[in-house]
Amino acid sequence: MTKRISKGLLTGIAVATAIGGLAAPAFAQRDPAYAAARSAGQVGEKMDGYLGIVVAETSDLRRLVNDINIKRRAVYAERAKANNATLEEYALTAGCQAIAATSPGEKYQAPDGSWQTRTSAPPIRDSRCP
C-alpha cells in the first residue's frame, strides 16, 4: 500500500493545517493531565500525526492518549475531506506541524521511529514533510 504523496499536496495540506490550526492538540492542551504528561516526557508527537506513549504504559496514560488520538482522528478526517486528501496524508502533515511545534525538552518521534528529546535545534523530520 505504498502511495507516492506529492510534495505539492502536502504543502497545500500544511497551509490548510497552519491556517486552521491543530484543533485536536489545542483541545488537549486544556487538559492538565496532558500538559503534565507532555512536560514530563511521558508522551510525544508521532510522525503519523498522533500522540504516542514514550515511557512504560499505565492505564491512565493509555486512556489519555487514546482520548486525544480519537479527537485528532475526527479532526483529521473532517479536514482531509475538505482538502481532498486522504486521512493518512492529512495526519502526516499534521504530524510534521506538531513535531515542528514541539518545545525544547518535549519528546517527538524521529523518522527512524526512535523517540527524541527536542533541543534548541530544529527537530529531525520526515523527508515528506512540507
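Residues numbered from 1 in each chain as written. Predicted model: local features only at pLDDT ≥ 70, side-chain atom pairs only at ≥ 80, totals over all residues. Heavy atoms only, no water.

1. Focus on the confidence of the model for the protein chain
Should the pLDDT be low somewhere, the predicted coordinates at that spot are not to be read in detail. Residues at a pLDDT of 70 or more form 78% of the protein chain, whose mean pLDDT is 85. Ranking the elements of the protein chain by mean pLDDT puts helix α1 (residues 7-20) last, at 49, and strand β2 (residues 51-53) first, at 98. Of the regions scoring below 50 in pLDDT, residues 15-21 engages in ten contacts with residues more than four places distant in sequence or in other chains. (pLDDT = per-residue confidence, 0-100. Helix = DSSP H or I, 4+ residues; strand = E, 2+ residues; numbered from the N terminus. Contact = heavy atoms within 4.5 Å.)

2. Focus: the pattern of salt bridges
A full pass over the atoms with the stated rule returns eight salt bridges. Here R62 ties to E57 by a salt bridge, and the two come within 3.2 Å at their closest N and O atoms. The exposure class of E57 is exposed, given its relative accessible area of 51%. The shortest N-O distance in the salt bridge between D60 and R63 comes to 2.4 Å. Of this pair, D60 and R63 both sit in helix α4 (residues 59-82), three residues apart, which is roughly one turn of the helix. By the burial criterion, D60 is exposed, and R63 matches it. Connected through salt bridges with shared partners, the residues R38, E45, R72 and E106 form a single ionic network. (Salt bridge = Lys/Arg side-chain N within 4 Å of Asp/Glu carboxyl O. Buried < 20%, exposed > 50% of the residue type's maximum accessible area, 1.4 Å probe, protein only.)

3. Topic: the state of the cysteines
Throughout the structure, instances matching the rule amount to one disulfide. One disulfide in the model links C96 with C129; its S-S distance is 2.0 Å. In this structure, the disulfide formed by C96 and C129 twists by about -80° around the S-S bond and is classed as left-handed. In this pair, C96 is assigned in helix α5 (residues 87-100) and C129 in the segment after β4 (115-117), connecting sequence segments 33 residues apart. Accessibility classification places C96 together with C129 in one group, the buried group. (Disulfide = S-S within 2.5 Å.)

4. Side note on the packing of helix α3 (residues 32-39) against α4
Interaxial distance between α3 and α4 falls to 11 Å at its minimum, and their mutual angle equals 110°. Classed by the angle they form, the pair α3 and α4 counts as roughly perpendicular. Where α3 approaches α4, its residues A33, Y34 and A37 are matched on the opposing element by L61, L64, I68 and R72. Among the residues making up the contact of α3 with α4, the classes are represented as six nonpolar, no polar and one charged. (Axes fitted to C-alpha atoms, helices over the stretch in contact; angles between N-to-C directions. Parallel < 35°, antiparallel > 145°, perpendicular 65-115°, else oblique. Nonpolar A, V, L, I, M, F, W, Y, C, P; charged D, E, K, R; others polar.)

5. Digging into the nonpolar core
Y34, A37, V43, L51, I53, L61, L64, V65 and I68 together form the largest nonpolar core, which totals nine residues. Put simply, the parts of the chain that give this core at least two residues each are α3, β2 and α4. The element that contributes the greatest number of residues to this core is α4, accounting for four residues. (Core = buried A, V, L, I, M, F, W, Y, C linked by side-chain atoms within 4.5 Å.)

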